[in-house]
Amino acid sequence: MARAVSETHGEILAAAARRFTVTGYRGTSLQDIAREVGVSKASVLYHFANKEALLAELMAPAIGMLQSLDDQLAGLTGAAAQEVAATGFVDLAVRFRREIAVLRGEFPELLCQPAFAHIQEISDRLRDALAGHSDRPSARIAALVLLAGISEACAEFVDIPDDDLRPALLTLVRRAVEPVDASQPQPPTTEDKES
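Parameters at a glance
- Residues numbered from 1 in each chain as written.
- Predicted model: local features only at pLDDT ≥ 70, side-chain atom pairs only at ≥ 80, totals over all residues.
- Heavy atoms only, no water.
- Helix = DSSP H or I, 4+ residues; strand = E, 2+ residues; numbered from the N terminus.
- Buried < 20%, exposed > 50% of the residue type's maximum accessible area, 1.4 Å probe, protein only.
- Contact = heavy atoms within 4.5 Å.
- Areas by Shrake-Rupley, 256 points an atom, 1.4 Å probe, with all protein chains shown as cover.
- Lys, Arg positive; Asp, Glu negative; His and termini not counted.
- Charge placed at Lys NZ, Arg CZ, Asp CG, Glu CD.
- Axes fitted to C-alpha atoms, helices over the stretch in contact; angles between N-to-C directions.
- Parallel < 35°, antiparallel > 145°, perpendicular 65-115°, else oblique.
- Nonpolar A, V, L, I, M, F, W, Y, C, P; charged D, E, K, R; others polar.
- Polar contact = N/O pair within 3.5 Å; in protein donor to acceptor, adjacent residues only side chain to side chain.
- Phe/Tyr/Trp six-rings, centres within 6.5 Å; stacked < 30°, edge-to-face > 60°.
- Lys NZ or Arg CZ within 6 Å of the ring centre and 35° of its normal.
- Salt bridge = Lys/Arg side-chain N within 4 Å of Asp/Glu carboxyl O.
- pLDDT = per-residue confidence, 0-100.

Of the regular secondary structure elements, the chain holds 11 helices and 0 strands. Ordering the α and β elements of the chain from the N terminus gives α-α-α-α-α-α-α-α-α-α-α. In terms of overall dimensions, the chain has a C-alpha envelope of 70 × 35 × 30 Å along the principal axes. Taken over 195 residues, the chain has a buried fraction of 43%. Pairs at least 24 residues apart make up 71% of the contacts formed inside the chain by residues separated by at least 6 positions. Carbon and sulfur atoms form 57% of the exposed surface of the chain, whose accessible area is close to 10600 Å². Each charge class in the chain was averaged separately, 19 positive and 28 negative side chains, and the resulting centres sit 4 Å apart.

Orientation of helix α1 (residues 5–23) relative to helix α4 (residues 51–73), taken along the N-to-C sense of each, is 95°, at an axis distance of 10 Å. Between α1 and α4, the angle falls in the class roughly perpendicular. Residues His9, Ile12, Leu13, Ala16, Ala17 and Phe20 of α1 lie in contact with α4, whose contacting residues are Lys51, Leu54, Leu55, Glu57 and Leu58. Tallied by class, residues from the contact of α1 with α4 come to 8 nonpolar, 1 polar and 2 charged.

Glancing now at the side chain of Arg127. Turning to its location among the elements, Arg127 is positioned in helix α8 (residues 119–130). Within polar-contact distance, the side chain of Arg127 engages the side chain of Asp128 at 3.2 Å.

So, on to the packing of aromatic side chains. Counted according to the given criterion, the structure contains 1 aromatic pair. In this structure, Lys51 is placed above the aromatic ring of Tyr25, and the distance from its NZ or CZ to the ring centre is 4.4 Å.

With that settled, the discussion passes to the side chain of Gln82. Checked against the element boundaries, Gln82 lands in helix α5 (residues 78–95). Of the residues examined, Gln82 reaches a relative accessible area of 6% and is grouped as buried. Gln82 has contacts with Ala129, Leu130, Ala131, Gly132, Val177, Glu178, Pro179 and Val180, leaving out every residue within four places of it along the chain.

Moving on, we get to the pattern of salt bridges. Applying the stated rule across the entire model yields 10 salt bridges. Linking Glu36 and Arg18 is a salt bridge whose minimum nitrogen-to-oxygen distance equals 2.6 Å. Here Arg18 lies in helix α1 and Glu36 lies in helix α2 (residues 30–37), a separation of 18 residues in the sequence. Between Asp70 and Arg125 there is a salt bridge, with the nearest N and O atoms lying 2.6 Å from each other. Here Arg125 lies in helix α8 and Asp70 lies in helix α4, a separation of 55 residues in the sequence.

A residue-level look at the chain finds 91% of positions with pLDDT of 70 or above and a mean pLDDT of 87. Low pLDDT (under 50) marks residues 182–195, which in the prediction has 13 contacts with non-local residues, meaning those over four places away or in another chain.

Our next topic: the environment of Leu126. Here Leu126 is to be found in helix α8. For Leu126, a relative accessible area of 3% corresponds to the buried category. In this structure the C-alpha to C-alpha distance between Leu126 and Leu147, which are 21 residues apart in sequence, comes to 8.7 Å. Those residues in contact with Leu126 that lie beyond four places of it in its chain are Leu66, Leu69, Leu73, Ala85, Phe89 and Leu147.

Here it is in C-alpha cells:
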C-alpha cells in the first residue's frame, strides 16, 4: 500500500532530524535519509529540492520563534530587554532542543546558507539585549556565554523534563546577568578600566 504524500514528507523530516543529530548535517546524505525512510533518493528530492531545503523546513518553527523574539526585543532597553531576552531564549531553547542538537558544532557553516543568513544578525541583537545593551565587556561576554551555555545544556540534557530545565536555566541567567537600568549610565568596573 502506498504512503500518503504528507505522511512520507513527515517521515523524511523525522528521519533527517534523527540522522542530523547522530551524524551531523555534513555527515548525512540524502541517500542516508532515503534509506532510513525506505524510499528512493528521488522520492526525497520530490519532497525537498535539496538537503538545504530539508534542513530549512526542519528549522522553520525554531527560526520563526527566534524572529518573533527579535521583534519583541525591538525598542526594549536595559532590564526590560534582558528579561524578555532571557525568558524568550530559554523558552525557545527548551522547546526546540532537538533542533539545537542538530545544529551542534555546525552552526558557523550553516549560517553561510541563504536560508539561515539572517540568524547571525538576530543572534547578535539577542546577545546585546541580554547584555542590557551595555558596552561593558563583562556584560557582553556574560551574554554570549549564557546563550551558548543555554543551547548546549538543552541539547545535552535531554533526560531532564522541560518543567525542571526551564526554571533551572532562568535561575542561572538571572544570577549571571547584572540588571542594567536603562536610564542611568553604568560606571566602568575595574575589569573594564583594565581592558
